[in-house]
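# Chain and residue survey
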Amino acid sequence: MKPYKMLIVFSLIGFLIYSCTSKQGEGGDAATSNAKDEQIQEYKIGVEKEQAKNRFPCDTISLKEYVRSNYEPGTYLVEFDRTFTYNVPKIAVIYFRDEANYVLCVVAKSKPGERNIEKKNVTGFESSYINLDSTKLGTTFFWLTLVECKDGEFSRVWESEVPIHGGFNSMTIRNWKIKNMKYVEMNFEDGIISGHRNYNFFLTDGWRNPPHLMETYAALALKRTLANINNDKYPDYYEYRFTTARNLKDSLFSSIRILDSIPFYWSEKRQLYINDRNPKWFRKF
């Protein structure tokens with residue numbers, strides 16, 4: 001290649017690099033610029049409106065607009081984890097009627113002062129490791145939220161924080177048969193403990209009032225199961241203790257076995273889960 005042609009090529013490359021750097025410096029990206037993120041969200045919603053064939057009052061597109069207009073920047077509706085590798089993820093919402101038209105949804109908020117989160121970084125098994133160092137990708141605060149649809153308009157009934165930062169998988173409305181009580185099970189994958197966590201929100205006082213949070217989980221050496229210990233309106237649980245047992249034939253091999261189970265029940269006075277074995281053992285949920 002002749003020298004003047006090489007000069008032209010390098011000049012074009014330099015110009016492109018400068019242009020990209022300049023634009024990024026002026027506007028920033030969606031992770032660091034709320035204005036840029038707003039533009040992207042507005043564009044995506046506009047595309048969904050054009051492609052939607054069957055719209056109805058308070059549909060998911062309208063809910064996205066409601067969140068965008070009524071929450072602080074960096075707040076998004078979360079998606080369910082993908083059932084298969086290549087399927088299209090669905091927004092984590094549940095429409096139902098119980099004396100009113102309700103919508104349950106999972107809202108993810110970005111921590112103020114950090115970069116805005118990305119929805120792909122808070123869902124699924126890989127994102128469960130974000131709890132080790134979430135600040136590089138932004139810290140996520142999950143909120144289980146109930147909104148009511150009336151005359152085509154949304155109104156927030158309550159929102160309850162979920163004490164975890166990543167690994168969201170699914171949300172299901174279940175029934176606690178012992179008390180015939182509805183509760184919302186939010187399932188999170190957790191690679192750190194080699195298992196999963198369920199954050200269960202019990203409607204102890206009906207849908208109109210904030211729910212009662214109680215956690216259950218199952219992992220390699222961790223387990224907690226739902227129980228009815230003192231027969232009040234609040235759910236209780238058994239927390240299990242594990243031990244390792246060595247195989248006599250092979251000293252290098254050991255198995256994990258359940259050693260004991262400890263009953264925890266809710267104390268309205270202390271607003272904690274307590275037990276009768278040790279007063280120093282208590283849990284918030």
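These notes cover the structure that comes with them. Remember, predicted model here, so these are calculated numbers, not experimental data. Per chain, residues are indexed from 1 in the order of the written sequence. The predicted nature of this model means local features are confined to residues of pLDDT at least 70 and side-chain atom pairs, given and counted, to a pLDDT of 80 or more, with totals for whole chains, interfaces and linings taken over all residues. The basis for the side-chain values is all heavy atoms of the structure; hydrogens and waters are excluded.

Before going further, it helps to examine the overall build of the protein chain. Only runs of H or I of at least four residues qualify as helices and only runs of E of at least two qualify as strands under DSSP, and these elements are numbered from the N terminus. Helix and strand content of the protein chain: three helices and 14 strands. Out of the 285 residues in the protein chain, the part that is buried amounts to 39%. What makes two residues a contact is simply this: any of their non-hydrogen atoms within 4.5 Å. In the protein chain, 47% of the contacts between residues at least 6 apart in sequence involve partners at least 24 apart. Think of it in three bands: residues with accessible area under 20% of the maximum for their type are buried, residues over 50% are exposed, and the middle band is partly exposed, with areas taken using a 1.4 Å probe on protein chains only.

Our focus in this paragraph is the pattern of salt bridges. We count a salt bridge whenever a side-chain nitrogen from Lys or Arg sits within 4 Å of a carboxyl oxygen from Asp or Glu. A complete count under the given rule lists 20 salt bridges for this structure. One salt bridge connects Lys 111 with Glu 114, and the closest N-O pair in it is separated by 3.9 Å. Taking the shortest distance from any N to any O, the salt bridge between Asp 260 and Arg 277 comes out at 2.5 Å. Residue Asp 260 is found in strand S12 (residues 250-267), and its partner Arg 277 is found in the loop between strand S13 (272-274) and strand S14 (282-283); the two are separated by 17 residues along the sequence. You can call Asp 260 partly exposed: its relative accessible area is 25%. Salt bridges linked by common partners bring Glu 72, Lys 109, Arg 156 and Glu 159 together as one network.

On to the pairing of strand S4 (residues 140-150). With nine of its 11 residues buried, S4 lies for the most part within the structure. Note on pairing: two strands pair once DSSP finds at least 2 bridges between them. Alignment of strand S3 (residues 101-110) against S4, held across nine bridges, turns out to be antiparallel. Along S4, the bridge assignment pairs Cys 105 with Thr 145. For S4 and strand S5 (residues 153-162), the ladder comprises nine bridges, and the chain directions are antiparallel. Following the sheet pairing, Thr 145 is matched in S5 by Glu 159.

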